[in-house]
Amino acid sequence: MMHINGVEIEDTFAEAFKMWGARLIITAVNQHWALTAAQVATGFATSVIACGCEAGIEAVIPADETPDGRPGVSILVFTMGRKGMEDQLIRRVGQCIMTCPTTTCFNALESEERVTIGGKLRYFGDGFQISKLLEGRRLWRIPVMEGEFLVEESFSVKKAIGGGNFLILGQSPEVTLEAAERAVEAMEKVKGVVMPFPGGIVRSGSKTTSKYKFLRASTNTAYCPTIRRQTESALPEGVNSVLEIVIDGLDEGAVREATRVGILAACIPGIVRISAGNYGGMLGQYQIYLQEVLADV
Amino acid sequence: MSEVTLVLREKSNIPIEADAIRPDIFADKSYQEIEALPLYHGNKERKLGEIFEVRGERSDRIRVIGDLSHIKKIGYGMKGGRIVIEGNVGMHLGATMEGGEIVVDGNASDWLGAEMRGGLIRVKGDAGNLIGAAYRGSKRGMNRGTIIVEGNAGDGVGELMRRGLIVIVGDARDFVGVRMIAGSIIVFGKIGERSGAGMKRGTIVTFQEPRLLPTFRYDCTYSPAFLRVYLRAIRGYGLEIREDYITGSYKRYNGDISELGKGEILIYERKT
């Protein structure tokens, strides 16, 4: 049995799925507005089940590293399909970034596969939009009331991985939340991943069945402490709270690295066990064994 | 792959057409085959080896040395590779080229990059008239690619230009962007008369107050985001671009309303 700082690492795996990923850089006159646009564009994007995509802020980009030399933020967006990505990006860039004062939006991923975003949003310009082609990169200038919205014609998409996860089982809600916060803080430093739930943390993990026919998913009963005696519980004695961290990444390596640093940061006094969510290996294409990613620790 | 060096044997007053000097032609040619390539010396066909001393073989990197101001069409239609010219060079340099890079450590003559479709031409000195323009009777000039002239330029820069970027670090004479269809021309020095005459779309950027045609109308003063991207990209070529040019405000004039009227002249106004 593996332990880190006295915390049991369960011999189990996170089951993750093939997804499509995109990376966008949003810039604005200052960090406040770049972050505002990024937060709105990645809002209501916690789970593909009900939101259409999963998205989050990847990093704050210094001004000297953005295409237009202004403060920027990179966001990652994940969908189950390529078509869904185009649909989501058109909605989110159009409604959340174009509408936000001073912003511009650039592709920030290298890939042959591309979806057309600016090339469709340009019609908002009502015939007054202007195309600019610079070193093979086509940009659209869309006139807006504030001035101009600059957006790239197309955005690269690549096969990615979503649904990496681990569960933090703690003695109290307070310590479990603190462990989860520490984990997210450490994981945010890993490039190429986002944790799409609020603050990177999920309190209402789900299972893929329900007693109700009209519902595809329901609460993860095995990990709910309040119904421990009414269900087949997976909770050891002494556990009174569980939080989950879900990880989407542009490649498996990034998800594994985020899992590793997240678990290490979460292993604090008061945490009993680290586990992971899976479907017995029947649904996902990736299996990320917790003890394997921590093997070198 | 080492480079092929061509050293001009002697200066002549008779023009020479040297469209065989192309990296994609040289790439698989032996020393003897390069020497045997045809050039036109006036109306007579001569071998390249008679005009130039050849050093090296089988390379898509070419260095041409000498006063080549009477030699035309170097790099004409090239698709890749690199040509470095040490000295002045004649007309039609890199015209219709589709890719690759030409660097001139000297001055270039007229029709530089005329109707080019891709690649980069960089002239460290001055260039002549009709940079990136359309040949007489053609509908379109330059259509993709980048031309950078670090000195001054003559008349008709980007005439009938369709796409691409022309940067003039020094002054440009009259008719900049005349009948321009689209694309971007950025002139850091003074700009001559009748800029943008007949332009349909496209952008002309100037940092000195020009005398505009009456067919251009003032729209607003703003800081164009795309220009920040362009100027930063130009910095990437090692050119010194003032920070206030990147962050500053520009007056936008729309025209030429005697034509389609979707073009623009952006005039640098102030720091922001």
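Just so you know, these numbers come straight off a predicted model, no measurement behind them.

**A word on the overall build of chain A**
Then comes step 1: Of regular secondary structure, chain A possesses seven helices and 18 strands.
Then comes step 2: Expected size for 297 residues packed as a compact globule is a radius of gyration near 19 Å; at 21 Å, chain A falls within 12% of this value.
Then comes step 3: Taking the principal axes of its C-alpha atoms as reference, chain A extends roughly 65 × 45 × 30 Å.
Then comes step 4: Taking all 297 residues of chain A together, 47% fall into the buried category.
Then comes step 5: Residue pairs at least 24 apart in sequence account for 74% of intrachain contacts in chain A once pairs closer than 6 positions are excluded.

**Some words on the overall build of chain B**
Then comes step 1: Along its length, chain B carries five helices and 17 strands.
Then comes step 2: Rg of the C-alpha trace for chain B: 19 Å, near the compact-globule value of 19 Å for 272 residues, within the 12% margin.
Then comes step 3: A principal-axis box enclosing the C-alpha atoms of chain B has dimensions of 60 × 35 × 25 Å.
Then comes step 4: Looking at chain B as a whole, 50% of its 272 residues are labelled buried.

**Brief notes about helix H3 (residues 82-97) of chain A**
Then comes step 1: When the terminal C-alpha atoms of H3(A) are compared, their 21 Å separation across 16 residues agrees well with the 22 Å that a helix rising 1.5 Å per residue should span.
Then comes step 2: If you check which residues of H3(A) are buried, you get Met85(A), Glu86(A), Gln88(A), Leu89(A), Arg92(A), Val93(A), Gly94(A), Cys96(A) and Ile97(A).

**What about the pairing of strand S6 (residues 104-107) of chain A?**
Residue and element names in this part refer to chain A.
Then comes step 1: Residues Thr104 and Phe106 point to one face of S6 and Cys105 and Asn107 to the other, with burial holding for every one of them.
Then comes step 2: Of the strand pairs in this sheet, strand S3 (residues 13-27) and S6 are connected by four bridges, and their pairing is antiparallel. The partner of leucine 24 across the bridge, within S6, is asparagine 107.

**What about the packing of helix H1 (residues 31-41) of chain A against H3(A)?**
Residues and elements named next belong to chain A.
Then comes step 1: At a minimum axis distance of 9 Å, the contact between H1 and H3 shows a crossing angle of 140°. One finds that H1 runs oblique with respect to H3. Note on packing geometry: the crossing formed by H1 with H3 is right-handed. Facing Ala37, Val40 and Ala41 of H1, the residues of H3 in contact are Arg92, Cys96 and Ile97.

**Points about the interface of chain A and chain B**
Then comes step 1: The interface of chain A with chain B comprises 13 residues on the first partner and 14 residues on the second.
Then comes step 2: Of all the secondary structure elements, the ones that give two or more residues to the side of chain A that touches chain B are strand S8 (130-134), strand S9 (137-144) and strand S10 (147-152) of chain A.
Then comes step 3: Split into classes, the residues belonging to the side of chain A that touches chain B amount to five nonpolar, three polar and five charged.

**Here we look at the sheet that holds strand S3 (residues 38-41) of chain B**
Residues and elements named next belong to chain B.
Then comes step 1: Pairing is mixed in the open sheet, where four strands are placed in the order S4-S3-S2-S7. A strand with exactly one partner marks an edge of an open sheet, and here the two such strands are strand S4 (44-47) and strand S7 (71-72).
Then comes step 2: Two elements, S3 and S4, share four bridges in a ladder whose sense is antiparallel. Residue pairing in the sheet places histidine 41 in a bridge with lysine 44 of S4.

**Topic: unusual backbone geometry**
What you tend to see is this: most non-glycine residues have negative phi, and most peptide bonds are trans.
Then comes step 1: For the bond from Gly255(B) to Asp256(B), the omega torsion is -5°, close enough to zero to count as cis.
Then comes step 2: The phi dihedral of Asn5(A) is positive, around 50°, even though this residue is not glycine.
Then comes step 3: For Asn5(A), the location among the structural elements is in the loop between strand S1 (2-4) and strand S2 (7-9).
Then comes step 4: Look at Leu160(B): it is not a glycine, yet its phi comes out positive at around 60°.
Then comes step 5: For Leu160(B), the position within the fold is in the loop between strand S11 (146-149) and strand S12 (165-168).

**Some thoughts on the packing of helix H5 (residues 173-187) of chain A against helix H6 (residues 252-266) of chain A**
Residues and elements named next belong to chain A.
Then comes step 1: For the pair H5 and H6, the least separation of the axes is 7 Å and the interaxial angle reads 145°. Note on packing geometry: the crossing formed by H5 with H6 is right-handed. On H6, the residues touching Ala179, Ala180, Arg182, Ala183, Glu185, Ala186 and Met187 of H5 are Ala258, Val261, Gly262, Ala265 and Ala266.
Then comes step 2: The residue inventory of the contact of H5 with H6, partitioned by class, reads nine nonpolar, one polar and two charged.

**Comments concerning the domain arrangement of chain A**
Residue and element names in this part refer to chain A.
Then comes step 1: Domain boundaries in chain A define domain 1 (2-15 + 161-293) and domain 2 (19-158).
Then comes step 2: Relative placement of domain 1 and domain 2: their C-alpha centres are 30 Å apart.
Then comes step 3: Tallying the contact residues gives eleven residues for domain 1 and 14 residues for domain 2.
Then comes step 4: Classifying every residue of the side of domain 1 that touches domain 2 by side-chain character gives seven nonpolar, one polar and three charged.

**Here we look at the pairing of strand S9 (residues 101-105) of chain B**
Residue and element names in this part refer to chain B.
Then comes step 1: With five bridges connecting them, strand S8 (residues 82-86) and S9 associate as parallel partners. Residue pairing in the sheet places valine 84 in a bridge with valine 103 of S9.
Then comes step 2: Relative to strand S10 (residues 120-123), S9 runs parallel, the two being bridged by four bridges. The residue of S10 that forms the bridge with valine 104 is valine 123.

**Here's the deal with the nonpolar core**
One broad rule of soluble globular proteins: the nonpolar side chains tend to lie buried together.
Then comes step 1: Grouped together as the largest cluster of nonpolar side chains are 170 residues, with contacts concentrated most on Ile26(A), Ile75(A), Ile168(A), Ile274(A), Ile131(B) and Ile168(B).
Then comes step 2: Ranked by the residues each element gives to this core, the list is headed by S3(A), at nine residues.
Then comes step 3: Each of domain 1 (2-15 + 161-293) and domain 2 (19-158) of chain A gives at least three residues to this core.
Then comes step 4: Those residues within four positions of Ile26(A) in sequence are excluded, and the remaining contacts are Ala34(A), Ala37(A), Ala38(A), Gly72(A), Val73(A), Ile75(A), Ile97(A), Thr103(A) and Cys105(A).

What counts as what
Residues numbered from 1 in each chain as written. Chains lettered and ligands numbered in written order. Predicted model: local features only at pLDDT ≥ 70, side-chain atom pairs only at ≥ 80, totals over all residues. Helix = DSSP H or I, 4+ residues; strand = E, 2+ residues; numbered from the N terminus. Rg over C-alpha atoms; globule rule 2.2 N^0.38 Å. Buried ≥ 20, exposed ≤ 12 C-beta atoms within 10 Å, placed from the backbone. Contact = placed C-beta atoms within 7 Å. Expected span 1.5 Å × (residues − 1). Pairing = 2+ DSSP bridges. Axes fitted to C-alpha atoms, helices over the stretch in contact; angles between N-to-C directions. Parallel < 35°, antiparallel > 145°, perpendicular 65-115°, else oblique. Left-handed = near helix turned anticlockwise from the far one by under 90°. Nonpolar A, V, L, I, M, F, W, Y, C, P; charged D, E, K, R; others polar. Domains from an automatic or database assignment. Core = buried A, V, L, I, M, F, W, Y, C linked by C-beta atoms within 7 Å.

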